[in-house]
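If you want the building blocks of each chain, they are given just below.
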Amino acid sequence: MAKPALKAALLSPQRPLGDHPLIVAGPSLGTSTILWNRVASLLGGDYDVVAWDLPGHGVSPAASEGFDVAALADAVVDLVDSIAPGENFHYAGVSLGGAVGLQLGIKHGERLKSLSVQNSGAKIGTPEGWLERAETVRTQGTPVMIQGSAQRWFAPGFMDREPEFSSRLLHALRDADRFSYAFCCEALAAFDVREELGSITVPTQVIAGSLDGVATPAMAEEVAGGITAAGGTATAVTVEGISHLAPAEAPAHVADLMRSLATWAESRRAAK
Ligand SMILES: O=C(O)CCC(=O)CC(=O)O
């Protein structure tokens, strides 16, 4: 599988990297680094926050061939090495970005200080569903997804309360490259790490939205359970009243959870 090229945006204040712990944040399918703006503004005083974009989304170039979630995880490590060579980092990701986080924990665990998996799972949806979506978007473009994704992404009332922010997120979906979006769907079709969760040893939190029908609280419990069953450290938390985009819908709660995990993981590393 080809390793796609990823680009990222620094969401914390401009300053030399390295004086603060690094948080690397990953998007859900169809969104961009915008997803992390609010959490980054809450954490950016104490952490360097770098958010990456999926191929053909936001600032990342379109992919010309398919990739899997493992290749995305490899590309995230390359990205980190290009801005902070060899540095260990806290990782947070939503849905497909969370799947990349699980893959990082499995394959590149030595690089992670902590892992925050949000609105995600060890397997998301069905291969048939993703392959059908890939074909639809390849032939009709990403605008065909806007209505359905808006319903899945946001809890009822969010778009009325936050018209500008929700519209920016949906514009990222409209502007995404259709072929890259389809490749992402195919990567999700092939993604299933339920049998590999036990190899994740980095401290992990799994955040679910109580109204998320894509990545349910039960899926978050499954991830945390798979890690703890093998002796790892993981907790599952359900945030009430939100759907599929936790950092957009509940930024203060998510930032608090991420800060708690990162602080605890840093102090545990310092004590070793
Ligand atoms: O959000 C993801 O990364 C995968 C799930 C999804 O595509 C949600 C949606 O737009 O239907």
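Reading the values: the criteria
- Residues numbered from 1 in each chain as written.
- Predicted model: local features only at pLDDT ≥ 70, side-chain atom pairs only at ≥ 80, totals over all residues.
- Heavy atoms only, no water.
- Helix = DSSP H or I, 4+ residues; strand = E, 2+ residues; numbered from the N terminus.
- Rg over C-alpha atoms; globule rule 2.2 N^0.38 Å.
- Contact = heavy atoms within 4.5 Å.
- Lys, Arg positive; Asp, Glu negative; His and termini not counted.
- Charge placed at Lys NZ, Arg CZ, Asp CG, Glu CD.
- Buried < 20%, exposed > 50% of the residue type's maximum accessible area, 1.4 Å probe, protein only.
- Pairing = 2+ DSSP bridges.
- Right-handed = clockwise from strand over helix to strand, strands pointing away.
- UniProt positions renumbered as here; feature names shortened; annotations may be inferred.
- Patch = residues over 30% accessible without salt bridge, like charges linked within 9 Å, V, L, I, M, F, W, Y side chains within 5 Å.
- Areas by Shrake-Rupley, 256 points an atom, 1.4 Å probe, with all protein chains shown as cover.
- Salt bridge = Lys/Arg side-chain N within 4 Å of Asp/Glu carboxyl O.
- Expected span 1.5 Å × (residues − 1).
- Arc of directions from axis to C-beta.

The protein chain goes by 3-oxoadipate enol-lactonase in an unreviewed UniProt entry, where it is assigned to Pseudarthrobacter niigatensis.

1. Some words on the overall build of the protein chain
Across its full length, the protein chain holds 11 helices and seven strands. Taken over C-alpha atoms, the radius of gyration comes to 17 Å for the protein chain, in line with the 19 Å a tight globule of 272 residues would show. Across the protein chain, contacts joining residues at least 24 apart in sequence account for 81% of those joining residues at least 6 apart. The distance from the centre of the 20 positive side-chain charges to the centre of the 30 negative ones in the protein chain is 3 Å.

2. Describing the pairing of strand β4 (residues 89–94)
In terms of residue burial, β4 counts as a mostly covered element, since six of its six residues are buried. Burial along β4 is two-sided: the face carrying F89, Y91 and G93 and the face carrying H90, A92 and V94 are both buried. Of the strand pairs in this sheet, strand β2 (residues 22–26) and β4 are connected by four bridges, and their pairing is parallel. Residue pairing across strands places I23 opposite H90, the latter belonging to β4. Here β4 runs beside strand β5 (residues 112–118); their pairing, made up of six bridges, is parallel. The partner of G93 across the bridge, within β5, is V117. Crossover handedness for the path β4 to helix α3 (residues 96–107) to β5: right-handed.

3. A word on the UniProt feature "domain: AB hydrolase-1" (unreviewed entry) in the protein chain
UniProt marks residues 31–255 with the feature "domain: AB hydrolase-1" (unreviewed entry), using the numbering shown here. Secondary structure across residues 31–255 comprises 48% helix and 13% strand; the distance between its end C-alpha atoms is 19 Å.

4. Quick word on a nonpolar patch on the surface
There is a patch of nonpolar side chains on the surface, built from L10, L17 and I83 and spanning about 210 Å² of accessible area. Examined against the element boundaries, I83 turns out to sit in helix α2 (residues 69–83).

5. A word on unusual backbone geometry
For residues other than glycine, phi is negative in most cases, and the peptide bonds are mostly trans. At S95, a residue that is not glycine, the phi angle is positive and equals roughly 50°. Looking at where S95 falls in the secondary structure, it is placed in the loop between β4 and α3. Residue class for S95 comes out buried when judged on its relative accessible area of 7%. Its identity as a non-glycine residue notwithstanding, N119 has a phi of 50°, on the positive side. Mapped onto the elements, N119 comes out in the loop between β5 and α4 (127–140).

6. Points about the environment of V206
Tracing the chain through its elements places V206 in strand β6 (residues 204–209). A sequence separation of 190 residues divides V206 from P16, and the C-alpha atoms of the two residues are 30 Å apart.

7. Observations concerning the pattern of salt bridges
Inspection of the entire model under this criterion finds 10 salt bridges. D74 serves as the salt-bridge partner of K107, at 2.9 Å between the closest nitrogen and oxygen. Placement of K107 in helix α3 and of D74 in helix α2 is noted, with a sequence separation of 33 residues between them. For K107, a relative accessible area of 42% corresponds to the partly exposed category. Exposure remark for D74: the relative accessible area of 17% places this residue in the buried category.

8. Here we look at helix α7 (residues 163–175)
Over its 13 residues, α7 runs 18 Å from end to end, which matches the ideal 18 Å to within 8%, given 1.5 Å per residue. Those residues of α7 that sit buried are F165, S166, L169, L170, A172 and L173. For α7, the angular spread of the buried residues around the axis is 145°, confining them to a single face. Those residues of α7 that are exposed and aimed more than 90 degrees away from the buried face are P163, E164 and D175. Packing partners of the buried residues in α7 comprise α1 (37–43), α5 (146–153), α6 (158–161), α8 (178–190) and α10 (246–249).

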